[in-house]
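Summary of the model geometry
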Amino acid sequence: MAAPLAAAQATDLAGNWKMVGWTLPNAIPIKAHLPTLIFKGKQVSGTAGCNTYMGSYTLSGNSITFSDLGLTRMACGEPVEQQEQAFMQTLSGKTLTVTRVGDSLTLTTKDGYMLNIRRSTLQDKK
């Protein structure tokens, strides 16, 4: 059974993570444009699929709260833009529940939607 991420494990978020799936409405993850998260200190950044985003986060017990995230504004095509909009609306300014099993994270919204994320390496960027 998955255990909530303890506050003492906050440093375990440091590094590169890649989206591997989600249950968000109105958007299907696009394999060639999967979002990434890079946690460094209290900062988070990455790609939402095409555009890059940046902001901060706080971890308290099994809850993670993201600041309002900034996003670049390149045109990316309709499917990728839908994905980015769903991803950003889920994280930006929101608090989610964090569950970690090994190198996998699940972020769950208050509505029960889930983002499944796994730790990645630089070679695992795509």
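Here, every reference points to the structure presented above.
Residues numbered from 1 in each chain as written. Predicted model: local features only at pLDDT ≥ 70, side-chain atom pairs only at ≥ 80, totals over all residues. Heavy atoms only, no water.

Right, let's talk about the nonpolar core for a bit. Among the nonpolar cores identified, the biggest contains 26 residues, and Leu37, Ile64, Phe66 and Phe87 are the most heavily contacted of them. Looking at this core, the elements with two or more residues in it are strand E2 (15–22), strand E3 (36–40), strand E5 (52–60), strand E6 (63–66), helix H1 (78–91), strand E8 (95–101), strand E9 (104–108) and strand E10 (114–119). Looking at this core element by element, the count peaks at four residues for H1. Setting aside residues no more than four positions away along its own chain, Phe66 makes contact with Leu37, Phe39, Val44, Ser56, Tyr57, Leu91, Gly93, Lys94, Leu96 and Leu107. (Core = buried A, V, L, I, M, F, W, Y, C linked by side-chain atoms within 4.5 Å. Buried < 20%, exposed > 50% of the residue type's maximum accessible area, 1.4 Å probe, protein only. Helix = DSSP H or I, 4+ residues; strand = E, 2+ residues; numbered from the N terminus. Contact = heavy atoms within 4.5 Å.)

Here E2 runs beside E3; their pairing, made up of four bridges, is antiparallel. Bridging from a neighbouring strand, Gly15 pairs with Phe39 of E3. In this sheet, strand E4 (residues 43–47) lies alongside E3 in antiparallel orientation, the contact comprising three bridges. Looking across to E4, one finds that Ile38 is bridged to Ser45. Between E3 and the antiparallel strand that follows it, E4, lie two residues; Gly41 among them carries a positive phi value of about 60 degrees. (Pairing = 2+ DSSP bridges.)

A few words on the pattern of salt bridges. Inspection of the entire model under this criterion finds two salt bridges. Linking Asp103 and Arg100 is a salt bridge whose minimum nitrogen-to-oxygen distance equals 3.6 Å. The class for Asp103 is partly exposed, based on a relative accessible area of 45%. Here Asp103 and Arg119 are joined by a salt bridge, their closest N and O atoms 3.6 Å apart. Note that Asp103 is positioned in the loop between E8 and E9 and Arg119 in strand E10, a separation of 16 residues in sequence. Look at Arg119 and you get partly exposed, because its relative accessible area is 25%. (Salt bridge = Lys/Arg side-chain N within 4 Å of Asp/Glu carboxyl O.)

The next subject is the state of the cysteines. By the definition in use, this model includes one disulfide. Cys50 shares a disulfide with Cys76; S-S distance 2.2 Å. On the sign convention where negative means left-handed, the S-S torsion of about -80 degrees between Cys50 and Cys76 marks this disulfide as left-handed. Placement of the pair is Cys50 in the loop between E4 and E5 and Cys76 in the loop between strand E7 (70–71) and H1, with a sequence separation of 26 residues. When its relative accessible area of 18% is taken as the criterion, Cys76 is described as buried. (Disulfide = S-S within 2.5 Å.)

Let's shift gears to the packing of aromatic side chains. Throughout the structure, instances matching the rule amount to three aromatic pairs. Taken together, a centroid distance of 4.8 Å and an interplanar angle of 75 degrees make the contact between Phe39 and Tyr57 edge-to-face. Taken together, the positions of Phe39 in strand E3 and Tyr57 in strand E5 put the pair 18 residues apart, joining distant regions of the chain. Residue class for Phe39 comes out buried when judged on its relative accessible area of 4%. Three or more aromatic residues joined by ring pairs make a cluster, and in this case those are Trp22, Tyr53 and Phe87. (Phe/Tyr/Trp six-rings, centres within 6.5 Å; stacked < 30°, edge-to-face > 60°.)

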